[in-house]
Amino acid sequence: MGDEGDNFDWDSEDDREIENFGLSSSCCSLPTVKMTACSVEASSVAGSSGTKVVDRFLGMGFSEKMVADAIQENGEENPDLILEALLKYSPSSPASSSGSKLIDHFVGMGFDVKMVARAISENGEEKTDSILETLLTYSEIEKFPQEQPHVDSDNLSSEYDESFLNDFSDLDSSENEENEKSEPDEGETLRFLASMGYTRDEASIAVERCGMHFGPDATISELADFICAAQMAKAADASFIEEKPKVNFDDDYPKNKRRKSNFEIDMLKRKKQINVLPVDGEIIQLPIKMIGFGTPTDPSILTHRDLPKGALGPPFFYYENVALAPKGAWQTISRFLYDIKPEFVDSKYFCAAARKRGYIHNLPIKNRFPLLPLPPHTIHEALPLTKRWWPSWDERTQLNCLQTCMASAKLTERILKAIEGYDGEPPERIQKYVLEQCRKWNLVWVGRNKVAPLEPDEVEMLLGFPRNHTRGGGISRTDRYKSLGNSFQVDTVAYHLSVLKDLFPEGITLLSLFTGIGGGEVALHRLGIKLKNVVSVEISEVNRNILRCWWEQTNQTGLLIEIPDVQQLDADMLEKHISAFGGFDLIIGGSPCNNLAGSNRHHRDGLEGEQSSLFFDYCRILDLVKNIMARNSQSLS
């Protein structure tokens, strides 16, 4: 991932050495050694039962004297202690030994030296394929604790291995529908996720959260996608800490002028009471096929809806957040936004990457149209140069959700070493390991047996942004990935906003909350809707730089006003802007998902979380704008 990415251990679980994987005689059937003090030398025990053990250690690169000393020191019936003593004597075996080279080879792939020694002892140093498969098995066992529920292995269907690739396809083909109908029960699902290398906690949380949203129809594909997002979000949270900038007020907005309206006071009270608010009615369920009210490739399933009176514009508003939020979150969001039913859409119906999001808005839904030309819908359409190197056993056609971080160079090197020794297809177990990592990190094939993470410009293309959009302001590759991972998918949002083109032929005045890198602005621009005035509220200086550079590069003639903190946007500031512009036509934004995303296991506090509670500021500002515009309208009539 470049110099910046190498400073972060994105793949800590895969690259961490397994320190406590002891060599137990019950699971490592090393023959015991019967020797006397005068027959310690390996040459003197030829033909005895101890010869095999001595030969094993000699074959691993240890000298005869070291082996003899270790046996004499630890006793002939303690092969575990013998091996530990040998490793202590010589952390790295003589370079001239073939066994030493073998150990160095696998240690270089990231496996613990004890695990390597044990695998060689079990399989023999000539069988490198078997050694690697054994090491991968050790890794899977270590990742999934022994407290997993007991499942009789005879009850596990062999169809798991046969349908492994199909289970993960992001496309909704008829074949996938058949696979989804035969999903395993919860116990078997946990077992299967364990065989893929996920921990029990990860598997259980995925089953709980996806089951809550999708019901019993949650597929292995959705569960694995959920876990992969969790692991990457955890890495991102640990690596990116962005301090909240201090707000510099100009003369027009002095600190001592800030006051809270009655609505703001009421909203703060409701925020504090959110934990005790009853959840009325049924929990909002996510549809299996997330196409919202229709997509360009699917016939419209809804062209009209009745909105509550309080939700009617002006202004129009559009709110976005992650679909897989904690239990009751979307019901609360809906309740605070006039009880409007969310529109859940997966961007895989618009582009070559999945992105499950929920949208609440009061826009018309008839006569929508997509951005043209239509973006590529498959990996090979989007990245044609990868097709030459794509192996037949990698049947992915679309990518998983694009995250804020990328895989490490260490991981891609490990994958290369795992498969480069095979002339044809690697064994099924190695295919499984490689595919899991490819799906987890959205790796693509860029050479023979070589995978790589997506480049920032490739992520921009998949998300619908112009090439080099995030290079504005001279930011690092790491910041580019972070900014893109938190953005809108432009084609999806533009499809929903397309109805505004006929309504505002002269252009639009936009209040953009949590602007990010300007996904809403880019969508409107690509639709041909002129941006007359934009008040952008975004806390990240990096993102503000990106939007400002795009604004200049696209020769926008409208007015761009930037505000750094949504919490400082009060009634006085809004009244000033509404008086200057005559009101806002559209309020758009997606508040932070840090505490909502199912992937965040450590700070998943829902709408009470420090970042995600900013949703209530979206509601506060929306209500203030509606009240001010309504009051101004009445005074003019």
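Predicted model, so just to flag it, every value in this text is computed and none were measured. The numbers attached to residues start from 1 for each chain and follow its sequence in the written order. Given that the model is predicted, a residue must reach a pLDDT of at least 70 before its local features are reported, and side-chain atom pairs must reach 80 or more before they are shown or counted; all residues, however, enter totals for whole chains, interfaces and linings. Based on all heavy atoms of the structure, the side-chain values leave hydrogens and waters out of the count.

## A closer look at the overall build of the chain
Across its full length, the chain holds 27 helices and nine strands. The buried share of the chain, reckoned over its 637 residues, is 56%. Numbering of helices and strands runs from the N terminus; a helix is a DSSP stretch of H or I covering at least four residues, while a strand is a stretch of E covering at least two. Note on classification: 1.4 Å probe, protein chains only; a residue is buried when its accessible area is under 20% of the maximum for its type, exposed when over 50%, partly exposed between these limits.

## A look at the packing of aromatic side chains
Here the aromatic set is Phe, Tyr and Trp, taking the six-membered ring for Trp, and pairing holds for ring centres within 6.5 Å; pairs whose planes are under 30 degrees apart are stacked, those over 60 apart are edge-to-face, and all others are tilted. Applying the stated criterion to the full structure yields 13 aromatic pairs. Both rings, one in F336 and one in F616, keep their centres 5.0 Å apart while their planes meet at 75°; by these two values the pair is edge-to-face. Of this pair, F336 sits in helix α16 (residues 329-336) while F616 sits in helix α27 (residues 615-636), placing them 280 residues apart in sequence. Ring geometry for W550 and W551: centres 6.4 Å apart, planes at 65°, overall edge-to-face. Accessibility assignment for this pair places W550 and W551 in one class, buried. Aromatic ring contacts, followed pair by pair, group Y319, F336, F615, F616 and Y618 into a single cluster.

## Let's talk about the sheet that holds strand β2 (residues 343-346)
In space, the seven strands of this open sheet follow the order β2-β3-β1-β9-β6-β7-β8, with mixed pairing throughout. One side of each edge strand has no neighbouring strand; the edge strands of this open sheet are β2 and β8 (559-563). Neighbouring strand axes in the sheet, compared pairwise and without regard to direction, differ in orientation by 20° on average. Two residues form a contact once any of their heavy atoms are found within 4.5 Å. Only C-alpha atoms enter the line fits that serve as axes; for helices the fit covers just the stretch in contact. Angles between N-to-C directions range over 0 to 180 degrees. This element, helix α24 (residues 519-526), spans β6 (508-513), β7 (531-537) and β9 (586-589) of the sheet and lies at about 155° to β6. Sitting on the sheet, helix α25 (residues 541-553) touches β7 and β8, and the angle it makes with β8 is about 175°. DSSP calls a pair of strands paired once it identifies at least 2 bridges connecting them.

## Some remarks on the confidence of the model for the chain
Confidence of the prediction at every residue is given by pLDDT, a number between 0 and 100. Looking at the chain as a whole, its pLDDT mean stands at 74, while 64% of the residues score no less than 70. Segment residues 1-49: pLDDT under 50, and 91 contacts once partners within four positions in sequence are set aside and those in other chains are kept. Low pLDDT, under 50, characterises residues 140-184; the stretch is placed with 79 contacts to residues that sit more than four places away or in other chains.

## Some points on the pattern of salt bridges
Whenever Lys or Arg places a side-chain nitrogen within 4 Å of a carboxyl oxygen from Asp or Glu, that contact is recorded as a salt bridge. According to the stated counting rule, one finds 13 salt bridges in the structure shown. Linking D491 and R526 is a salt bridge whose minimum nitrogen-to-oxygen distance equals 4.0 Å. Of this pair, D491 sits in helix α22 (residues 490-497) while R526 sits in helix α24, placing them 35 residues apart in sequence. A relative accessible area of 5% places D491 in the buried class.

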